[in-house]
Amino acid sequence: MKSHWMIAATALTMAPAGVASAQAPTPVNCRTDPAFTQMDFAVGHWDVTAKGAKDAEVRIEKILDDCAIAETWKAVAPKGDGRGLFVYSAAQQSWSYLWAANTPSTTGFKGSLTKPGEILFSTVKPLPGGVMRLRHWTLNLLPDGRIRELSVGSNDDGKTWTTEYELFWTKKA
């Protein structure tokens, strides 16, 4: 028959082993979470063209330990420079985009991946007369490595759409 002190010693010896064998949860990390890599296709330095003519240069880079993406837009024209910030919210399972420029065109969008290499952002813009303009803005990786940026709008709740602009991004060497 074991003495009480031997039973107590055995219990104490086993307790740490049981605690040590429990697996700690894997820490959340933006670099390893696939949701935060959905827009990696857009990261880089790009020449932007509209109707075949250079319109701007854009630099897309990951920041804040890859938890956000910063955009720096440098237009060819004297106006139109801007900054964008893309962030993914794990809680909302969606992207947000905030655009600020040297023109009164600051706006915000909500977005989601529609397929690998394509992300769609949406917003609503109030117009005079109580009309609400629905805007869809898409970045789409093309098979040749360029990105197509397309903005379309609707003043009739999505029944009809008009192209606001179409741009093509070509990666700088």
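Presented here is an overview of the structure given in this document.

Tallied over the entire structure, the rule returns 12 salt bridges. One salt bridge in this structure joins K62 and D40, with 2.6 Å as the shortest N-O distance. Taken as a pair, K62 in strand β2 (residues 53–63) and D40 in the loop between α1 (4–21) and β1 (44–50) lie far apart in primary sequence, 22 residues in all. Look at K62 and you get partly exposed, because its relative accessible area is 23%. The class for D40 is partly exposed, based on a relative accessible area of 33%. What you see here is one network of salt bridges that share partners, running through D47, K54, E57 and K172.

Overall, the coordinates contain 1 disulfide when judged by the stated rule. The disulfide bridge from C30 ends at C67, spanning 2.0 Å between sulfur atoms. With the S-S bond torsion at 95 degrees, the cross-link from C30 to C67 turns out right-handed. Of the two residues, C30 sits in the loop between α1 and β1 while C67 sits in the loop between β2 and β3 (68–75), which places them 37 residues apart along the sequence. On the basis of relative accessible area, C30 is assigned to the buried category, the value being 10%. Taking relative accessible area as the criterion, C67 reaches 28% and is therefore assigned partly exposed.

Parameters at a glance
- Residues numbered from 1 in each chain as written.
- Predicted model: local features only at pLDDT ≥ 70, side-chain atom pairs only at ≥ 80, totals over all residues.
- Heavy atoms only, no water.
- Salt bridge = Lys/Arg side-chain N within 4 Å of Asp/Glu carboxyl O.
- Helix = DSSP H or I, 4+ residues; strand = E, 2+ residues; numbered from the N terminus.
- Buried < 20%, exposed > 50% of the residue type's maximum accessible area, 1.4 Å probe, protein only.
- Disulfide = S-S within 2.5 Å.

Read these as spatial facts, not as claims about activity.
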